[in-house]
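Summary of the model geometry
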Amino acid sequence: MHVPLLAWIILFVVIIGVLTFDFFAHVRKDHFPSLRESAAWTIIYISIALVAGLVISLTLGWDLGGQYFAGWVTEWSLSLDNLFVFVIIIAAFKAPREVQQKIIAVGITLALVFRLIFILLGAALIEHFSWIFYIFGLFLLFTALQQIREGSADAEEEAEYKDNFFVSGVRRIFPVTPDYVGHQYFAKIDGKRHITPFLLVVVAVGSADVMFAVDSIPAIFGLTNEAFIVFAANAFALMGLRQLYFLIEGLMERLIFLHYGLAAILGFIGAKLIIHALSTNEIPFINGGQPFTGLPETSNVVSLGYIVAVLIITAVVSLLVSRRRQKNQSNGTVQNHPDA
């Protein structure tokens, strides 16, 4: 289905309006949000995303609406993995607590711009080269294996931050002040303009999310080919990421099986992409250039149900097991205490 230009305009107006309100009415004042504040804003952003899905369903059809909801849940779940990286980056740059939410907000805004470029490029590739589904599918299966390896106990290592290409380039070009200057991006030292660590950590967060887009965008293209739906799902998932960061900051270390849950989701979508590629095959050396017939393809409802079920099971099992481990550790500490 061709999405009318008016829908794109309304989407951009809504996104810009929400971000503008967030920046000027909330993030502008430097402070570390309380748990209650983070919970309230998380509920607000989830509500906005759900209302957007309802509007899409009523105006563009329930088929696209179903694709949006499946895509939004997928992007939201993959965004949880971003939060682990954000914690590492912000800790590595020793960002003051009162400017942390502004760092994430600006970084996510930059990421939205870059993701739009990636999405339009991906949509163009899919429209002209159907074999791209093979590449997307295999890449997601490989990423799923990486998630399993990261989640395995044998592969657990102390996470350390290392500058990526973007941050290294900024460091080489511009001198950096030794300390933060509030939330200012630039400062003068001895009459010479320097960038501050605040700007550097914003670049680090924004570019890190761009790296995650390499995984998440092929994943959502496994659920829908419509660029409008892909961008809408990405935008509404990312916009609530700042509030979610502060809400579950203390819970992230307890989501011990998150990598396995993400692996199950990415593996499912990867297999779905490959099946779709086989059913529309045009590559000469595969089945003589003819599509395979009779292959099972899952509906949007089934995909959405599977993704939600995996997330719920992953969260519940993670919290139960981590609680048991903490209880066992505390019991062991008491027994080993010299006064016990």
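The protein is annotated in an unreviewed UniProt entry as Integral membrane protein, TerC family of Mobiluncus curtisii. Turning to the protein, the UniProt annotation filed under Subcellular location (unreviewed entry) states: "Membrane". In its Sequence similarities (unreviewed entry) section, the UniProt entry covering the protein states "Belongs to the TerC family."

Turning to the packing of helix 4 (residues 100-128) against helix 8 (residues 227-239), a few remarks are in order. For any two helices packed against each other, one specifies the crossing angle of their axes together with the interaxial distance. Relative orientation of the contacting elements helix 4 and helix 8 amounts to 160 degrees, with a least axis distance of 10 Å. The orientation of helix 4 with respect to helix 8, classified from their angle, is roughly antiparallel. Considering the relative orientation of helix 4 and helix 8, their crossing is right-handed. Facing Ile-108, Leu-112, Arg-115, Leu-116, Ile-119 and Ala-123 of helix 4, the residues of helix 8 in contact are Ala-227, Val-230, Phe-231, Asn-234, Ala-235, Leu-238 and Met-239. For the contact of helix 4 with helix 8, the class distribution of residues is 11 nonpolar, 1 polar and 1 charged.

Let us look at the nonpolar core. Tyr-68 and Phe-228 are the most contacted members of the largest nonpolar core, which has 90 residues in total. The greatest single-element share of this core, amounting to 13 residues, is contributed by helix 7 (residues 197-221). In contact with Phe-228, not counting residues within four places along its chain, are Val-3, Ala-7, Trp-8, Leu-11, Ile-56 and Leu-60.

Predicted confidence across the protein gives a mean pLDDT of 80, with 89% of residues reaching 70 or more. Of all helices and strands in the protein, the one with the weakest mean pLDDT is helix 9 (residues 241-247) (75), whereas helix 8 scores best (89). Here residues 154-158 is a poorly scored stretch, pLDDT under 50, and it has 1 contact once near neighbours within four places are set aside; other chains count.

Turning next to empty space enclosed by the protein. Taken as a whole and judged by the stated rule, the model has 3 cavities of 30 Å³ or more. As a volume, the second largest cavity reaches approximately 50 Å³. Mapped by element, the contributors of at least two residues to the lining of the second largest cavity are helix 1 (5-27) and helix 4. The residue makeup of the lining of the second largest cavity, split by class, is 5 nonpolar, 1 polar and 2 charged.

Once that is clear, we can look at the pairing of strand 1 (residues 186-189). Relative to strand 2 (residues 192-195), strand 1 runs antiparallel, the two being bridged by 4 bridges. Opposite Ile-189, over in strand 2, you have Lys-192 as the bridge partner. Linking strand 1 to strand 2, which pair antiparallel, is a turn of 2 residues; within it Asp-190 sits at a positive phi near 55 degrees.

Between helix 2 (residues 35-60) and helix 8, the least distance of the axes is 9 Å, while the angle of their chain directions is 165 degrees. Classified by the angle between their axes, helix 2 and helix 8 sit roughly antiparallel to one another. Where helix 2 crosses over helix 8, the handedness of that crossing is right-handed. In this structure, helix 2 uses Tyr-45, Ile-48, Ala-49, Ala-52, Ile-56 and Leu-60 to contact helix 8, whose residues at the interface are Phe-228, Ile-229, Ala-232, Phe-236 and Met-239. Residues that form the contact of helix 2 with helix 8 fall into these classes: 11 nonpolar, no polar and no charged.

Looking now at a nonpolar patch on the surface. On the surface, a cluster of nonpolar side chains totalling about 560 Å² of accessible area is made up of Leu-5, Leu-6, Ile-9, Ile-10, Val-13 and Val-14. Residue placement: Val-14 occurs in helix 1. Given a relative accessible area of 36%, Val-14 falls into the partly exposed group.

Attention now goes to the side chain of Ser-57. Of note, Ser-57 is situated in helix 2. The class of Ser-57 is buried, set by a relative accessible area of 2%. In this view, Ser-57 contacts Trp-62, Gly-65 and Phe-69; residues no more than four positions away in its chain are not counted.

Time to look at the environment of Phe-118. By secondary structure assignment, the location of Phe-118 is in helix 4. Measuring from C-alpha to C-alpha, the distance between Phe-118 and Val-210 comes to 9.1 Å, with 92 residues separating the pair along the chain.

A separate point is the layout of surface pockets. Space inside the second largest pocket adds up to approximately 450 Å³. In this structure, the second largest pocket is lined by 22 residues; those nearest its centre are Gln-67, Leu-223, Thr-224, Asn-225 and Glu-226. When residues of the lining of the second largest pocket are traced back to their parent elements, those giving at least two are helix 3 (62-92), helix 4 and helix 10 (258-279). With 4 residues, the single largest contributor to the lining of the second largest pocket is helix 4. Residue classes in the lining of the second largest pocket are distributed as 10 nonpolar, 7 polar and 5 charged.

Attention now moves to the packing of aromatic side chains. For any pair of aromatic rings, the description consists of the separation of the ring centres together with the inter-plane angle of the planes. Following the criterion strictly, the structure yields 11 aromatic pairs and no others. When the ring of Trp-41 is compared with that of Tyr-45, the centres are 6.3 Å apart and the planes differ by 40 degrees; the resulting orientation is tilted. You can see Trp-41 and its partner Tyr-45 sitting in helix 2, 4 residues apart, about one turn around the helix. Across the pair, Tyr-45 and Trp-41 agree in class, each one buried. Between the aromatic rings of Tyr-68 and Phe-236, the centroid separation amounts to 6.4 Å while the plane-to-plane angle is 80 degrees, which identifies the pairing as edge-to-face. Of this pair, Tyr-68 sits in helix 3 while Phe-236 is found in helix 8, placing the two residues 168 residues apart along the sequence. Residue classification places Phe-236 among the buried positions, given a relative accessible area of 6%. One cation-aromatic arrangement involves Arg-193 over Phe-186; the distance from NZ or CZ to the ring centre is 5.5 Å.

Rules and cut-offs
- Residues numbered from 1 in each chain as written.
- Predicted model: local features only at pLDDT ≥ 70, side-chain atom pairs only at ≥ 80, totals over all residues.
- Heavy atoms only, no water.
- UniProt positions renumbered as here; feature names shortened; annotations may be inferred.
- Axes fitted to C-alpha atoms, helices over the stretch in contact; angles between N-to-C directions.
- Helix = DSSP H or I, 4+ residues; strand = E, 2+ residues; numbered from the N terminus.
- Parallel < 35°, antiparallel > 145°, perpendicular 65-115°, else oblique.
- Left-handed = near helix turned anticlockwise from the far one by under 90°.
- Contact = heavy atoms within 4.5 Å.
- Nonpolar A, V, L, I, M, F, W, Y, C, P; charged D, E, K, R; others polar.
- Core = buried A, V, L, I, M, F, W, Y, C linked by side-chain atoms within 4.5 Å.
- Buried < 20%, exposed > 50% of the residue type's maximum accessible area, 1.4 Å probe, protein only.
- pLDDT = per-residue confidence, 0-100.
- 1 Å grid on protein atoms, 1.4 Å probe; cavity = no way out; pocket = protein on both sides within 12 Å on 5 of 7 lines; lining within 4 Å.
- Points joined across faces, edges and corners; volume = space filled by probe spheres on them.
- Pairing = 2+ DSSP bridges.
- Patch = residues over 30% accessible without salt bridge, like charges linked within 9 Å, V, L, I, M, F, W, Y side chains within 5 Å.
- Areas by Shrake-Rupley, 256 points an atom, 1.4 Å probe, with all protein chains shown as cover.
- Salt bridge = Lys/Arg side-chain N within 4 Å of Asp/Glu carboxyl O.
- Phe/Tyr/Trp six-rings, centres within 6.5 Å; stacked < 30°, edge-to-face > 60°.
- Lys NZ or Arg CZ within 6 Å of the ring centre and 35° of its normal.

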